[in-house]
Protein chains: 2
Amino acid sequence: MAMIDFWYSIGSTYSYLTVMRLSGVAQTAGIDFRWRPFNVRRVMMAQNNIPFKDKPEKTAHMWRDIERRAARYGLAPTIPAPYPLPGLVLANQVAILGAEEGWGEAYTRATYRRWFEVGQPAGEDANLSDSLSEIGEDPIRVIEAAQASRIVEALTLATNQAMEVGVFGSPSFLVDGELFWGDDRLDDAINWARVGKLT
Amino acid sequence: MAMIDFWYSIGSTYSYLTVMRLSGVAQTAGIDFRWRPFNVRRVMMAQNNIPFKDKPEKTAHMWRDIERRAARYGLAPTIPAPYPLPGLVLANQVAILGAEEGWGEAYTRATYRRWFEVGQPAGEDANLSDSLSEIGEDPIRVIEAAQASRIVEALTLATNQAMEVGVFGSPSFLVDGELFWGDDRLDDAINWARVGKLT
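Residues numbered from 1 in each chain as written. Chains lettered and ligands numbered in written order. Predicted model: local features only at pLDDT ≥ 70, side-chain atom pairs only at ≥ 80, totals over all residues. Heavy atoms only, no water.

Per an unreviewed UniProt entry, chain A goes by the name 2-hydroxychromene-2-carboxylate isomerase and belongs to Pararhizobium antarcticum. Among the UniProt annotations of chain A, the heading Catalytic activity (unreviewed entry) holds the following wording: "2-hydroxychromene-2-carboxylate = (3E)-4-(2-hydroxyphenyl)-2-oxobut-3-enoate". The UniProt entry for chain A carries the following text under Sequence similarities (unreviewed entry): "Belongs to the GST superfamily. NadH family." (UniProt positions renumbered as here; feature names shortened; annotations may be inferred.)

The structure is reproduced here in C-alpha cells:
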C-alpha cells in the first residue's frame, strides 16, 4: 500500500479540514497516512514565515475559505475558531505521546472537533480533558506523561525532521520525496502516490 | 452568462497557471471572466504581506508546486522563472491600456509565456516588444501610451478597487461578493458562480 507522511501541527487552522476528513479519504483512496505531529510555530519563527499575524485581509479570506470548503466536506465549524492558540506546544506533545501509544489520530480529531465546533481551544484544560476522556484515555495520566522530557525531546526531534524534509507549514504531505503543502494539495499528494505525477 | 472578476498582477508567479489556461476554462465552463490588472506589490507592501521574500523553503515549494501543476495543465515552464521582477509596474500599465483597447488578455498571455517559457522578464524591453509585436500591437506606441499619467492613475485606481473588495494577492476571483484567492481556487469560484456554494 502506498504511504504518505502527513505532517501536521495542532494549532494550524487549515489542518482542521485535513484532520476531519483524512480517515475517510485514506480509506477511499487505499492510501496509508502516517500522522506526524510537529511544532509548526517553531518552524515558522525560525523561517520568519508568520502567515496571518497582522494581516487582517488575508486572515479574513482564510476563515471564509475554510468555512466554504468545510461545508463541501460536510463539516460545520463555528468560524472563526479561537486563534492563535496559547497551548499549541502541549497540544502537540499530547499528539506525540498518542502517536507512540496508538491513539494519536483519534485524539487529534477529537481535539480539532472541540476547537472548531465547540469553541474549546486545543491544548487548554477543558479541551484536553474532554478530548482524552472521549477517546478513552485518562487525562491526568496523559497530561503528566506528555510533559516528560522524553516527549518534549520527541516533539523537538519531529520538528527538526520536518524541517529537514522541507516542511514549512501545516498540513504537509510527503510522498516519495515530493512535498505538498496545504489541505488543498491532499488530492495532488494522492495523485502523486498513485502515478508519480499530477493527472 | 455568469461573470467572474479575475484580479491579477503581472509579476505574480502563480498567476502564470491561471493566465495560460483561463481562456479554455472559461469556454468549457461557460463563464465570462473580466480580466482586471492591478499592482499586487503595492497591496502587499501596504499590508505587510510579502509571501516569498527571505523564505527559501516556502519559495522552493512554490516553484515545484507550479512545475507539477503546470504539467497537469499541459504547460512546460522553465522553473524557476526570473523572479522577482523589476518591471512589474510598467508591465501592468501596459495591461491596463490593453484592457481598455481590447488586447489585454492576449498581451497578458504572451508576456507570461515569454516570462515563464522563454526566460524574458515581464515588463522588460525584450519581453514587451516581442509580446506586443506578437499580438499585432506597436511596441513604441504602446510603451509610450502606457506611461501616460492617465494610465498610471488607472492602475492606481484599479489597485484601490482591488483592496476595497478584499483582494490581497494574485490571482483572485470575485463572484457575487465572494473572494477566492489562488489559481487553486479557480474551480471553487466557478462552482460558486454556478450554484452559490461548493459542491
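Enquirer: Residue-level account of the overall build of chain A, with values.
Expert: A count of helices and strands for chain A gives nine helices and four strands. Reading chain A from its N terminus to its C terminus gives the helix and strand order β-α-β-α-α-α-α-α-α-α-β-β-α. Here chain A has a C-alpha radius of gyration of 16 Å; the compact-globule value for 199 residues is 16 Å, and the two agree. The buried share among the 199 residues of chain A stands at 57%. (Helix = DSSP H or I, 4+ residues; strand = E, 2+ residues; numbered from the N terminus. Rg over C-alpha atoms; globule rule 2.2 N^0.38 Å. Buried < 20%, exposed > 50% of the residue type's maximum accessible area, 1.4 Å probe, protein only.)

Enquirer: Give a description of the packing of aromatic side chains that names residues and reports values.
Expert: Considering all chains together, one arrives at 30 aromatic pairs over all chains under this definition. Judged by centre distance (4.2 Å) and plane angle (5°), the ring pair of A:Y16 and A:F116 falls under stacked. Taken together, the residues A:Y16 in helix 1 (residues 15-29) and A:F116 in helix 5 (residues 104-118) connect sequence positions 100 residues apart. Across the pair, A:F116 and A:Y16 agree in class, each one buried. Ring geometry for B:F6 and B:Y8: centres 4.9 Å apart, planes at 20°, overall stacked. Taken together, A:Y16, A:W63, A:Y83, A:Y112, A:W115 and A:F116 form an aromatic cluster joined through their ring pairs. In this structure, B:R68 is placed above the aromatic ring of A:F180, and the distance from its NZ or CZ to the ring centre is 3.7 Å. (Phe/Tyr/Trp six-rings, centres within 6.5 Å; stacked < 30°, edge-to-face > 60°. Lys NZ or Arg CZ within 6 Å of the ring centre and 35° of its normal.)

Enquirer: Can you break down the pairing of strand 4 (residues 178-181) of chain A residue by residue, with the values?
Expert: Residues and elements named next belong to chain A. Pairing of strand 3 (residues 172-175) with strand 4, which is carried by four bridges, proceeds in the antiparallel orientation. From the neighbouring strand, L174 faces strand 4, where its bridge partner is L179. What sits between the antiparallel neighbours strand 3 and strand 4 is a turn of two residues, in which D176 has the positive phi angle 50°. (Pairing = 2+ DSSP bridges.)

Enquirer: Break down the environment of B:G30 for me, with residues and values.
Expert: Residues and elements named next belong to chain B. One can find G30 in the loop between helix 1 (15-29) and strand 2 (32-37). The exposure class of G30 is partly exposed, given its relative accessible area of 33%. Along the chain, G30 and K55 lie 25 residues apart, while their C-alpha atoms are 39 Å from each other.

Enquirer: Explain helix 9 (residues 186-195) of chain A to me, using residue names and the numbers behind them.
Expert: In an α-helix, one turn spans 3.6 residues, which is why side chains three or four residues apart end up on the same side. In terms of burial, helix 9 of chain A is largely enclosed, as seven of its ten residues are buried. Inspection of helix 9 of chain A places A:L186, A:D188, A:A189, A:I190, A:N191, A:W192 and A:A193 among the buried residues, and these make up the whole buried set. In this fold, the buried residues of helix 9 of chain A make contact with strand 1 (3-8), helix 1, strand 2 (32-37), strand 3 and strand 4 of chain A together with helix 3 (56-72) of chain B. At the exit of helix 9 of chain A stands A:G196, carrying a positive phi of roughly 70°. (Contact = heavy atoms within 4.5 Å.)

Enquirer: Mind laying out helix 6 (residues 125-134) of chain B, listing which residues take part and the relevant values?
Expert: Residue and element names in this part refer to chain B. Taken together, the buried positions of helix 6 are occupied by N127, L128, S131 and L132. Buried residues of helix 6 fall within an arc of 115° about the axis and therefore sit on the same side. Those residues of helix 6 that are buried are in contact with helix 4 (88-101), helix 5 (104-118) and helix 7 (139-145). In the stretch just after helix 6, G136 is the one whose phi turns positive, near 85°. (Arc of directions from axis to C-beta.)

Enquirer: How would you summarise the UniProt feature "active site" (unreviewed entry) in chain A if you had to cite specific residues and measurements?
Expert: Residue and element names in this part refer to chain A. As annotated in UniProt, the feature "active site" (unreviewed entry) corresponds to S12 in the numbering used here. For S12, the position within the fold is in the loop between strand 1 and helix 1. Those residues within four positions of S12 in sequence are excluded, and the remaining contacts are Y112, W115, S170 and P171.

Enquirer: Quick one: what's the story with the sheet that holds strand 1 (residues 3-8) of chain B, residue by residue and with numbers?
Expert: Residue and element names in this part refer to chain B. Pairing in this open sheet of four strands is mixed, and the strands run 2-1-3-4 from one edge to the other. Pairing within the sheet leaves two strands with one partner each, and these edge strands are strand 2 and strand 4 (178-181). Pairwise comparison of adjacent strand axes, ignoring direction, gives a mean angle of 25° for this sheet. Its contacts with the sheet place helix 9 (residues 186-195) against strand 1, strand 2, strand 3 (172-175) and strand 4, and it is angled at close to 5° to strand 3. (Axes fitted to C-alpha atoms, helices over the stretch in contact; angles between N-to-C directions.)

Enquirer: Residues and numbers for the nonpolar core, please.
Expert: A:I4, A:F33, A:V94, A:Y107 and A:F116 are the most contacted members of the largest nonpolar core, which has 63 residues in total. Among the elements that line this core, the one with the most residues is helix 1 of chain A, at seven residues. Those residues in contact with A:F33, other than ones at most four positions away along the chain, are A:M3, A:I4, A:F6, A:L22, A:A26, A:F173, A:L186 and A:I190. Listed in part, the 62 residues of the second largest apolar core include B:L132, B:A162, B:V167 and B:L186. (Core = buried A, V, L, I, M, F, W, Y, C linked by side-chain atoms within 4.5 Å.)

Enquirer: Run through the relation of the copies chain A and chain B, naming residues and quoting values.
Expert: Under the fitted operation, chain A is carried onto chain B by 0.0 Å of movement along the axis and a turn of 180°, and the coordinates agree to an RMSD of 0.0 Å. On this basis, the relationship between the two copies can be described by a two-fold rotation axis. Here 100% of the interface residues in chain A have copies in chain B that are interface residues too; the copies meet face to matching face. (Least-squares fit on C-alpha atoms with pLDDT ≥ 70 in both.)

Enquirer: Residue-level account of the packing of helix 4 (residues 88-101) of chain A against helix 8 (residues 149-164) of chain A, with values.
Expert: All names here are of chain A. Relative orientation of the contacting elements helix 4 and helix 8 amounts to 95°, with a least axis distance of 9 Å. One way to sum up the angle between helix 4 and helix 8 is to call them roughly perpendicular. Together, V89, N92, Q93, I96, L97 and E100 of helix 4 and R150, I151, V152, A154, L155 and A158 of helix 8 make up the contact between the two elements. When the residues that make up the contact of helix 4 with helix 8 are grouped by side-chain class, the tally is eight nonpolar, two polar and two charged. (Parallel < 35°, antiparallel > 145°, perpendicular 65-115°, else oblique. Nonpolar A, V, L, I, M, F, W, Y, C, P; charged D, E, K, R; others polar.)

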